[in-house]
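# Inside the fold
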Amino acid sequence: MEILHILAGGLVGFVIGLTGVGGGSFMTPILVLGFGISPAIAVGTDLLYASITKSGGVLFHQSHRTIDWRIVALLCAGSIPASVSTIIVLNSLKETGFDIDNTINSTLSFMLILTALVIIFKDYLLAGMHASFGYNRGHYIVLIKLRPAITSIVGVLLGILVTVSSVGAGAIGAAILFLLYPNKPSINIVGTDLAHAVPLTAIAGFGHMHNGSVDFALLGGLLAGGIPAIYLGSLVGKKLPDKILRPLVAALLMGLGIRFAI
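Residues numbered from 1 in each chain as written. Predicted model: local features only at pLDDT ≥ 70, side-chain atom pairs only at ≥ 80, totals over all residues. Heavy atoms only, no water.

## A short note on the overall build of the chain
Looking only at helices and strands, the chain features ten helices and zero strands. Secondary structure elements in the chain, listed N-terminal to C-terminal, are α-α-α-α-α-α-α-α-α-α. Compactness check: the chain gives a C-alpha radius of gyration of 18 Å against a globular reference of 18 Å for 262 residues, within 12% of the reference. C-alpha atoms of the chain, sized along the principal axes, occupy 55 × 45 × 40 Å. Scored against the burial criterion, the 262 residues of the chain give a buried share of 49%. Restricting the contact set of the chain to residue pairs at least 6 apart, pairs at least 24 apart contribute 84%. Surface accessibility of the chain: about 12,200 Å² in total, with carbon and sulfur atoms responsible for 70%. In the chain, the 14 positive side-chain charges and the 10 negative ones have mean positions that sit 17 Å from each other. (Helix = DSSP H or I, 4+ residues; strand = E, 2+ residues; numbered from the N terminus. Rg over C-alpha atoms; globule rule 2.2 N^0.38 Å. Buried < 20%, exposed > 50% of the residue type's maximum accessible area, 1.4 Å probe, protein only. Contact = heavy atoms within 4.5 Å. Areas by Shrake-Rupley, 256 points an atom, 1.4 Å probe, with all protein chains shown as cover. Lys, Arg positive; Asp, Glu negative; His and termini not counted. Charge placed at Lys NZ, Arg CZ, Asp CG, Glu CD.)

Here you go:
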């Protein structure tokens, strides 16, 4: 277990606790750019890291009854089969000599930039949707009817993108749930998104492990540094205003996304 891996886990864990943004958004880029680890290994290892570190949050939300398990089931109905299918496709491509790392880099770039845009514009999107429902009640009725199907379709998209890039199960998943379920309390959206992220990242992580894309020594170091740092970051984050944190995180993610793009 290298000390640098522990420090990397601590750094990302602190950022997770500080900002609430998922570890995949920072962990995979740090492993690839900072440590020169192959994108496939970085994604597979980070997915298992995410499933373990997020599990404690699920227990917390369940104890406070802030998880809507019906929504979790709808998301999983799409994301779990999509994740398994994506793993099978990635393995098949790998066996043909296809450049998997290039595909992962491109997907990672897209997801990082998308996450940055979601963080910046989420409030504007939510305000626009609430205004639309206020002006036209029919829009909300249509949403109610189509919402279960849309939720599962969203699950499919998250299953594919998270499995390939390890990014999206947190910030993007939560943002979409805010749009689909505008009347649900924020804490319930966060808890529900977290409860979906754990099985998705676990299944995707085990799939990468089956494909030989997980470094367990690296995983151990990341967990050793990350778990205590998440708690420390959450304590500091409570004292920093959102108007400072949000632009900073968005700028970092945008920069990382552009770096992978070029």
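## What about the nonpolar core?
Leu31, Tyr49, Tyr181, Leu222 and Leu253 are the most contacted members of the largest nonpolar core, which has 54 residues in total. Those residues in contact with Tyr49 that lie beyond four places of it in its chain are Gly9, Gly13, Ile16, Met27, Leu219, Leu222, Leu223 and Gly226. Counting residues in each nonpolar core, the second largest holds seven residues, with Val72, Cys76, Leu194 and Val198 among its members. (Core = buried A, V, L, I, M, F, W, Y, C linked by side-chain atoms within 4.5 Å.)

## Observations regarding unusual backbone geometry
Leaving glycine out, the prevailing phi sign among residues is negative, and the prevailing peptide bond configuration is trans. Of note in the backbone geometry, Arg65 takes a positive phi value of approximately 55° without being a glycine. Here Arg65 lies in the loop between helix H3 (39–63) and helix H4 (69–95). In this structure, Ser166 is a non-glycine residue whose phi angle is positive, near 70°. For Ser166, the position within the fold is in the loop between helix H6 (137–165) and helix H7 (171–180).

## Here's the deal with H4
The end-to-end C-alpha separation of H4 is 38 Å, in line with the 39 Å expected for 27 residues at 1.5 Å each. For H4, every residue scored as buried is listed here: Ile71, Val72, Leu74, Leu75, Cys76, Gly78, Ser79, Ala82, Ser83, Thr86, Ile87 and Leu90. Among the residues of H4, the N-terminal cap falls to Asp68, whose side-chain oxygen and the backbone nitrogen of Arg70 are separated by 3.1 Å. Within two residues after H4, Gly97 carries a phi angle of roughly 90°, on the positive side. (Expected span 1.5 Å × (residues − 1). Polar contact = N/O pair within 3.5 Å; in protein donor to acceptor, adjacent residues only side chain to side chain.)

## Considering the side chain of Asn188
Within the secondary structure, Asn188 is located in helix H8 (residues 186–210). With a relative accessible area of 16%, Asn188 lands in the buried category. Those residues in contact with Asn188 that lie beyond four places of it in its chain are Arg65 and Thr66.

## So, the packing of H3 against H8
Two packed helices can be described by the angle between their axes and the distance between those axes. Where H3 meets H8, the axes come as close as 7 Å, and the angle between the chain directions of the two elements is 145°. In this structure, H3 meets H8 at a crossing whose hand is left-handed. Residue composition of the contact of H3 with H8, grouped by class: 15 nonpolar, nine polar and one charged. (Axes fitted to C-alpha atoms, helices over the stretch in contact; angles between N-to-C directions. Left-handed = near helix turned anticlockwise from the far one by under 90°. Nonpolar A, V, L, I, M, F, W, Y, C, P; charged D, E, K, R; others polar.)

## Details of the confidence of the model for the chain
On average, the chain scores 85 in pLDDT, and the residues at 70 or more come to 92%. Confidence, read as mean pLDDT per element, is least for helix H1 (residues 3–19) in the chain (78) and greatest for H4 (95). (pLDDT = per-residue confidence, 0-100.)

## Overview of a nonpolar patch on the surface
Together, Leu117, Ile120, Phe121, Tyr124 and Leu125 line one region of the surface with nonpolar side chains, adding up to about 500 Å² of accessible area. As for its placement among the helices and strands, Leu125 is situated in helix H5 (residues 100–135). Assessed through its relative accessible area of 48%, Leu125 is described here as partly exposed. (Patch = residues over 30% accessible without salt bridge, like charges linked within 9 Å, V, L, I, M, F, W, Y side chains within 5 Å. Salt bridge = Lys/Arg side-chain N within 4 Å of Asp/Glu carboxyl O.)

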